[in-house]
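# Remarks on the overall topology
In case you want the letters, here they are:
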Amino acid sequence: MKAAYACAACGASLAKWAGQCPECQAWNSVEECRSAIPGKGNPRFSGYAGVAARSEVIPLGAVDSTEQTTRSTGVAELDRVLGGGLVAGSVILLGGDPGIGKSTLLTQTLARLASGMRALYVSGEESPQQIRLRAQRLGAADAKLLLLPETCVEQILAVADQQRPDVLVVDSIQTVYTQQLQSAPGAVAQVREATAQLVQYAKRSGTAVFLVGHVTKEGALAGPRVLEHMVDTVLYFEGEAGSQLRLIRAIKNRFGAVNELGVFAMTDRGLKEVSNPSAIFLSRHQEQVPGSSILVTREGSRPMLVEVQALVDESPLANPRRVTLGLEQNRLAMLLAVLHRHGGISTYDQDVYVNVVGGVRITETAADLPVLLAVLSSLRDRPLPKDLAAFGEVGLSGEIRPVPSGQERLMEAVKHGFRRVIVPQANAPRKPIKGLEVLPVLGLADALQSI
Ligand code: TYD
Ligand code: MG
């Protein structure tokens, strides 16, 4: 076998060890791994002599096109991020910080699924007693769930071949190792090889496989980043420490939309679905305070109302702070520049802090306009009207650009009792919406005037 090296952060294969990965520039992430396939000696092309073509080609039209059936997991918010439900033979990677609720979610889901299908929970981290205790807490102690405390992937697959589960959970992939390699569990090569075997098993048997992956900031464990290419669906658990709210975001999905968001709340009896997240994200102020605006966002296929807060305060620093939570910091700097250049309002001597309430991360540009409104409201120390919401992208020349699904966003705003919405001109509805005053704006100047 030939010595080889791989980066734990990005998965790049290297011929030599290096302190810094030449691909992703991460430090101390390169580890030795032995390639499972022995080197073939001279790598130079020497023809295909001796290789008989045994694989067959299939015309595209002749491929079996029966639709892949999805099966509901019984947890609607999880179904949403999965793109409708579980697909037989698919591999789903669930990543997230330690303690965020990965094991809880999968225990709950599997306990529910176990009534209708065979479900096997492989745990390399917890003893069956611990899992049973958790299940008791979740009110699922009598579920027909099968447990297997095991970390050797060959063993896991041997048991799975015998038990023929319809759904299999491996918690977590970092604890699993293959006998074929000598490195410790959690090393890049181990994680990659074990995953490859589990993926192969899923495709061969039609079992849906959930893999739990840890992410650590130090990159000491091989993070799930390496695995993202190998699996069908990648879900990430997000949430603020200290907050009950837990969000699951689909980062990649071969069977559904990406960026779909599932919302849960962690309670003392497990994760509860939040089917109407707008109600949670809107903070409950009695009276309106300066520096707060309401954004109608759309994560995945669902519109949501979220409060954006801004604090603008005189800065003692030569380089005033621009701090964002839940938004991109560079975007804020850009918006402040547009506000100055096209709105004539300067903030060069002010610290600006912007926060999205509830720990949601907003990834779309529709937040631009509400962010500017919140900043302005804080700067002027004047609250915005209570029944006002907004959305819209701000362009570099001060124009307010349309965003997708304007109509849906407006309907969500009406549903939650908002009476006025500032929208980009191109998003204004053709027909008036009952009970809603739509304020279409073309440029930043219009927007400033409309408040
Ligand atoms: P867990 O699912 O073990 O996290 P992970 O597998 O992602 O590491 O969740 C552990 C946290 O969740 C722990 O801090 C306790 C909390 N928790 C509750 O608040 N309520 C519950 O019903 C359960 C089972 C856990
Ligand atoms: Mg766990």
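Analysis parameters
- Residues numbered from 1 in each chain as written.
- Chains lettered and ligands numbered in written order.
- Predicted model: local features only at pLDDT ≥ 70, side-chain atom pairs only at ≥ 80, totals over all residues.
- Heavy atoms only, no water.
- Helix = DSSP H or I, 4+ residues; strand = E, 2+ residues; numbered from the N terminus.
- Buried < 20%, exposed > 50% of the residue type's maximum accessible area, 1.4 Å probe, protein only.
- Contact = heavy atoms within 4.5 Å.
- Areas by Shrake-Rupley, 256 points an atom, 1.4 Å probe, with all protein chains shown as cover.
- Lys, Arg positive; Asp, Glu negative; His and termini not counted.
- Charge placed at Lys NZ, Arg CZ, Asp CG, Glu CD.
- Patch = residues over 30% accessible without salt bridge, like charges linked within 9 Å, V, L, I, M, F, W, Y side chains within 5 Å.
- Salt bridge = Lys/Arg side-chain N within 4 Å of Asp/Glu carboxyl O.
- Pairing = 2+ DSSP bridges.
- Axes fitted to C-alpha atoms, helices over the stretch in contact; angles between N-to-C directions.
- Parallel < 35°, antiparallel > 145°, perpendicular 65-115°, else oblique.
- Left-handed = near helix turned anticlockwise from the far one by under 90°.
- Nonpolar A, V, L, I, M, F, W, Y, C, P; charged D, E, K, R; others polar.
- pLDDT = per-residue confidence, 0-100.
- Arc of directions from axis to C-beta.
- Core = buried A, V, L, I, M, F, W, Y, C linked by side-chain atoms within 4.5 Å.
- Domains from an automatic or database assignment.
- Near = heavy atom within 4 Å.
- Polar contact = N/O pair within 3.5 Å; in protein donor to acceptor, adjacent residues only side chain to side chain.

Right, let's get into the overall build of the chain. What the chain contains, in helices and strands, is 10 helices and 23 strands. Dimensions of the chain, computed from C-alpha atoms along their principal axes, come out at roughly 75 × 55 × 50 Å. Here the chain, with 451 residues, has 47% of them falling under the buried criterion. The long-range share in the chain, meaning contacts at least 24 apart out of those at least 6 apart in sequence, stands at 66%. A total of about 22600 Å² of accessible surface is found on the chain, and carbon and sulfur atoms cover 51% of it. Side-chain charges of the chain comprise 46 positive and 44 negative groups, with the mean position of each set lying 3 Å from the other.

Nonpolar side chains collect at one region of the surface, where Ile-58, Leu-60 and Val-63 lie side by side and expose about 350 Å² of accessible area between them. Examined against the element boundaries, Leu-60 turns out to sit in the loop between strand E3 (30–34) and strand E4 (70–71). By relative accessible area, which is 78% here, Leu-60 ends up exposed.

Further remarks concern the pairing of strand E11 (residues 233–238). Among the six residues that make up E11, six are buried, leaving the element largely enclosed by the rest of the structure. Taking every second residue as pointing to the same face, both faces of E11 are buried, with Thr-233, Leu-235 and Phe-237 on one and Val-234, Tyr-236 and Glu-238 on the other. Here strand E6 (residues 91–96) pairs with E11 via four bridges, running parallel. Bridge pairing in E11 places Leu-94 opposite Leu-235. What sits between the antiparallel neighbours E11 and strand E12 (residues 245–253) is a turn of six residues, in which Gly-242 has the positive phi angle 90°.

Another point: the sheet that holds strand E13 (residues 261–267). Whether parallel or antiparallel, the strands of a sheet pair through hydrogen bonds between backbone atoms. Pairing in this open sheet of nine strands is mixed, and the strands run E8-E7-E9-E10-E6-E11-E12-E13-E14 from one edge to the other. Two strands lie at the open edges of the sheet, namely strand E8 (146–149) and strand E14 (270–273), each paired on one side alone. The mean inter-strand angle of the sheet, taken between neighbouring strand axes irrespective of direction, is 25°. As defined by bridge partners, E12 adjoins E13 across five bridges and the pair is classed as antiparallel. Following the sheet pairing, Arg-246 is matched in E13 by Phe-264.

At a closest axis distance of 10 Å, the pairing of helix H7 (residues 329–343) and helix H8 (residues 368–380) adopts a crossing angle of 65°. As summarised for this structure, H7 and H8 are arranged roughly perpendicular, according to the angle between their axes. Here H7 and H8 pass one another in a crossing that is right-handed. Every residue of H8 that contacts H7 at Arg-331, Leu-332, Leu-335, Leu-336 and Leu-339 is listed here: Asp-368, Val-371, Leu-372, Val-375 and Leu-376. In the contact of H7 with H8, the residues fall into eight nonpolar, no polar and two charged.

Bringing unusual backbone geometry into the picture now. Each neighbour pair has its own omega, and for Asp-171 with Ser-172 the value is -5°, a cis peptide bond. For Asn-28, which is not glycine, the phi dihedral falls at a positive 55°. In this structure, Ser-405 takes a positive phi of about 55° despite not being glycine. With respect to the secondary-structure elements, Ser-405 resides in the loop between strand E21 (400–401) and helix H9 (406–415). Assessed through its relative accessible area of 24%, Ser-405 is described here as partly exposed.

You can see Leu-332 is positioned in helix H7. Spatially, the C-alpha atom of Leu-332 lies 21 Å from that of Glu-240, the residues being 92 residues apart in sequence. In this view, Leu-332 contacts Arg-322, Val-323, Thr-324, Val-352, Val-354 and Val-371; residues no more than four positions away in its chain are not counted.

With 92% of its residues at a pLDDT of at least 70, the chain reaches an overall mean of 88. Counting contacts from residues 38–42, a segment whose pLDDT is below 50, to residues more than four positions away or on other chains yields zero contacts.

The next subject is helix H3 (residues 128–137). Among the residues of H3, those classed as buried are Ile-131, Arg-134 and Ala-135. For H3, the angular spread of the buried residues around the axis is 100°, confining them to a single face. Exposed and facing more than 90 degrees away from the buried side of H3 are Gln-129, Leu-133 and Arg-137. Lining the buried residues of H3 we find helix H2 (102–113), strand E7 (119–123) and E8. Among the residues trailing H3, Gly-139 stands out with phi positive, at a value near 70°.

This brings us to the packing of helix H4 (residues 153–163) against helix H5 (residues 188–205). Axis separation between H4 and H5 bottoms out at 10 Å; the angle between their running directions is 15°. Here H4 is positioned roughly parallel relative to H5, judged by the angle of their axes. Crossing angle aside, the handedness with which H4 passes H5 is right-handed. From H4, Val-153, Glu-154, Leu-157, Ala-160 and Asp-161 reach across to H5, where they touch Ala-194, Gln-197, Leu-198, Tyr-201 and Arg-204. The residue inventory of the contact of H4 with H5, partitioned by class, reads six nonpolar, one polar and three charged.

Another aspect to go through is the nonpolar core. One recurring pattern in soluble globular proteins is that nonpolar side chains are buried together. Core analysis: the largest hydrophobic core is formed by 57 residues, its most contacted members being Phe-281, Val-354, Val-371, Val-375, Phe-391, Val-421 and Ile-422. Among the elements that line this core, the one with the most residues is H8, at seven residues. Counting only domains with at least three residues in this core, you end up with domain 2 (70–275) and domain 3 (280–450).

Surrounding ligand 1, one finds 16 residues, the nearest of these being Gly-99, Ser-103, Thr-104, Thr-267 and Gly-270. A distance of 2.8 Å is found between an oxygen atom of ligand 1 and a backbone nitrogen or oxygen belonging to Lys-102. Backbone polar atom of Thr-267 to a nitrogen atom of ligand 1: 2.7 Å apart, as the coordinates give it. Burial of ligand 1 by the protein chains amounts to 75% of its free accessible area of 560 Å². Of all the elements in the fold, those that place two or more residues in the shell around ligand 1 are H2, H3 and E13. It is H2 that provides the largest number of residues to the shell around ligand 1, a total of three residues. The residue makeup of the shell around ligand 1, split by class, is four nonpolar, six polar and six charged.

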